[in-house]
Amino acid sequence: MTPGRPVPPPLAQPAAPSTEPSSGGVLAAAYGATSPDSGLVPLTLARRTPKADDVEIAIEYCGLCHSDVHATRGEWGGTAWPLVPGHEIVGTVRRVGSAVVDFAAGDRVGVGCMVDSCRTCESCLDGLEQYCENGMTGTYGAIDRRNGDSVTQGGYSSSIVVDRRYVVRVPESLDPAAAAPLLCAGVTTFSPLRHFGVEEGDVVGVVGLGGLGHMAVKLARAMGAKVVVFTTSDAKVAAALELGADEVVLSRDEEAMAGANRSIDLIIDTVAAPHDLNPYFRTLRVDGALFQLGLPSEPMPPVNPGSLIRRRIAYAGSLIGGIAETQEMLDFCAGHGVAAEIEMVRADQLNEAYDRMVAGDVKYRFVLDTSTLHAPAKEAHA
Ligand code: NAP
Ligand code: ZN
Ligand code: ZN
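Now for a quick tour of the structure. Just so it is clear, the model here is predicted, and its values are computed rather than measured.

This brings us to the overall build of the protein. A count of helical and extended segments in the protein gives eleven helices and 17 strands. Taking 2.2 N^0.38 as the reference for a compact globule, 382 residues should give roughly 21 Å; the C-alpha atoms of the protein span a radius of gyration of 20 Å, in line with that estimate. Among the 382 residues that make up the protein, the fraction classed as buried is 54%. Within the protein, contacts between residues at least 6 apart in sequence are counted, and of these 70% link residues at least 24 apart. Counting every atom, the protein has about 15,500 Å² of accessible surface; 50% of that belongs to carbon and sulfur. Charged side chains in the protein number 31 positive and 47 negative. The centres of these two groups are separated by 1 Å.

Listed below in structure tokens is the structure:
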């Protein structure tokens, strides 16, 4: 996901990471960046003492999203350092605050891309907390709106404390590691598929077969759609068919792109780098739509208005999903046997995993096993 809004630099000393937990709080082992060039290094976080509405979670797994790479490398600007990324969090409840009745110790739960929002604006009241008019609080790198002097820190960490309203339940039938990427990649693709009303017989195009893209393939298939994958990678053609795609188009092949003319109802574009959208508009039918989910740090080539006008095409964006929608997505995945394809990594493999992600060399989501956080590399500093 993308953080809600750029975070101004901390006014004084950043309150986190710190090595001193508040009374009743806990220290958490973590990996994070201390500057755009630092890579990820071992850090120690002080998690707050659970307040009345809080859930303290022992994190088991955290997916690696391309947004984590953008953020820790300072590609979006406005980053407050140090930064512990991670917003595809699955773990078990360790303890809850006095007002929490819907979660109990031992429950398997998840936290996605936000840990708070204003709770009072129209978007929040409509269950669209991701579009909070006052800015949602991202799981990492955002000013904690109820404790304004600290910056939120994410899930590459052994524990986290989150208000119960922003915690979801992970169904028992889902493998917890393969469920972690659902918290961002899953809901980010589920939300526009649902918003467009995808149903049996629709044709969904998926551009970019990475973390988000492979979830879009699985979810669109589970909704009954025919799926066409557009990829830049020859090596992914067979893998896309194995994942359930009905057709694969090599997007660098102009002839193949022309062959897909006017064949698609909805395109989910997940590419993390600038690219020309005009060839994709030509593959859409009348009243088709292209949802752009990727947020490249560089500007995109201009969109030709003629391609939109001539087929009443909608060019849209979409940001993650609301909390209720995230729960709906998890339940949908449990009901349809959908989860992410993952490659598990240890904490000391995180930097290599980032490089491989940028090179498109992952099938299809890396997931950090947080039990490996406790054996930090020798150059660790707290
Ligand atoms: P990812 O796993 O790295 O996948 C991106 C895919 O884009 C690659 O696998 C590759 O697929 C394709 N691609 C083509 N050219 C590329 C290039 N030059 N550089 C990088 N990728 C290229 O990334 P992800 O985690 O799915 O995230 C994708 C984008 O969505 C990122 O920009 C991320 O920040 C953003 N995001 C947005 C939201 C939201 O709420 N809107 C949520 C999460 C993530 P092929 O090899 O098949 O061409
Ligand atoms: Zn994400
Ligand atoms: Zn709001």
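Alright, that's what it looks like, and here's the rest.
So, about the pattern of salt bridges. Two side chains bearing opposite charge may form a pair once their charged atoms approach each other closely. Taken as a whole, this structure holds 23 salt bridges when the rule is applied. For E328, the salt bridge identified is with R194, shortest N-O distance 3.2 Å. Of this pair, E328 sits in helix α10 (residues 323-336) while R194 sits in helix α4 (residues 185-196), placing them 134 residues apart in sequence. A salt bridge links E341 to K218, with the nearest nitrogen and oxygen atoms 2.5 Å apart. Taken as a pair, E341 in the loop between α10 and β16 (342-345) and K218 in helix α5 (residues 211-222) lie far apart in primary sequence, 123 residues in all. Note on E341: relative accessible area 34%, which makes it partly exposed.

In the region of ligand 1, 29 residues are neighbours, and H66, T231, T232, S233 and R365 sit closest. The side chain of H70 places a nitrogen or oxygen atom 2.9 Å from an oxygen atom of ligand 1. Measuring from an oxygen atom of ligand 1, one finds a side-chain N or O atom of R365 at 2.6 Å. Calculation on ligand 1 without its partners gives an accessible area of 910 Å², and the protein chains cover 89% of this total. Elements represented by at least two residues in the shell around ligand 1 include exactly α1 (66-72) and α5. When grouped by side-chain class, the residues that make up the shell around ligand 1 number 14 nonpolar, 13 polar and two charged.

A few words on the coordination of the zinc ion (ligand 3). Surrounding the zinc ion (ligand 3) are the protein donor atoms C118 (SG), C121 (SG), C124 (SG) and C132 (SG), at 2.3 to 2.4 Å. Viewed at the metal, the four donor atoms of the zinc ion (ligand 3) are separated by angles of 104 to 118 degrees, and the geometry they form is tetrahedral. Site description for the zinc ion (ligand 3): donor spacing in sequence, C-x2-C-x2-C-x7-C.

Right, let's talk about the nonpolar core for a bit. In this structure, L64, Y156 and L193 are the most contacted members of the largest nonpolar core, which totals 95 residues. For this core, the leading source of residues is α5, giving six residues. Looking at this core, you find at least three residues from each of domain 1 (26-184 + 339-372) and domain 2 (186-317). Excluding residues within four positions of it along the chain, L64 makes contact with E88, Y156, V345, L350, A353, Y354, M357, R365, F366, V367 and L368.

Take unusual backbone geometry next. Following W81, the chain continues to P82 via a peptide bond in cis, the omega torsion being -10 degrees. Of note, P82 is situated in the loop between α1 and β4 (89-96). Omega for the bond connecting K363 with Y364 falls within 30 degrees of zero, at -15 degrees, which places this linkage in the cis form. Looking at where Y364 falls in the secondary structure, it is placed in the loop between α11 (350-358) and β17 (365-369). Backbone geometry at R119 places phi at a positive 70 degrees, although glycine is not the residue there. Of note, R119 is situated in the loop between β6 (114-116) and α2 (122-125). One non-glycine residue, R262, lies in positive phi territory at about 50 degrees. With respect to the element layout, R262 can be found in the loop between α7 (254-259) and β13 (264-269).

Calculation rules
- Residues numbered from 1 in each chain as written.
- Chains lettered and ligands numbered in written order.
- Predicted model: local features only at pLDDT ≥ 70, side-chain atom pairs only at ≥ 80, totals over all residues.
- Heavy atoms only, no water.
- Helix = DSSP H or I, 4+ residues; strand = E, 2+ residues; numbered from the N terminus.
- Rg over C-alpha atoms; globule rule 2.2 N^0.38 Å.
- Buried < 20%, exposed > 50% of the residue type's maximum accessible area, 1.4 Å probe, protein only.
- Contact = heavy atoms within 4.5 Å.
- Areas by Shrake-Rupley, 256 points an atom, 1.4 Å probe, with all protein chains shown as cover.
- Lys, Arg positive; Asp, Glu negative; His and termini not counted.
- Charge placed at Lys NZ, Arg CZ, Asp CG, Glu CD.
- Salt bridge = Lys/Arg side-chain N within 4 Å of Asp/Glu carboxyl O.
- Near = heavy atom within 4 Å.
- Polar contact = N/O pair within 3.5 Å; in protein donor to acceptor, adjacent residues only side chain to side chain.
- Nonpolar A, V, L, I, M, F, W, Y, C, P; charged D, E, K, R; others polar.
- Donors = N, O, S within 2.8 Å, 3.2 Å for Na, K, Ca; no water.
- Tetrahedral: all angles 85-135°; square planar, octahedral: opposite > 155°, others 65-115°.
- Core = buried A, V, L, I, M, F, W, Y, C linked by side-chain atoms within 4.5 Å.
- Domains from an automatic or database assignment.

Any functional reading would require information that these geometric values do not contain.
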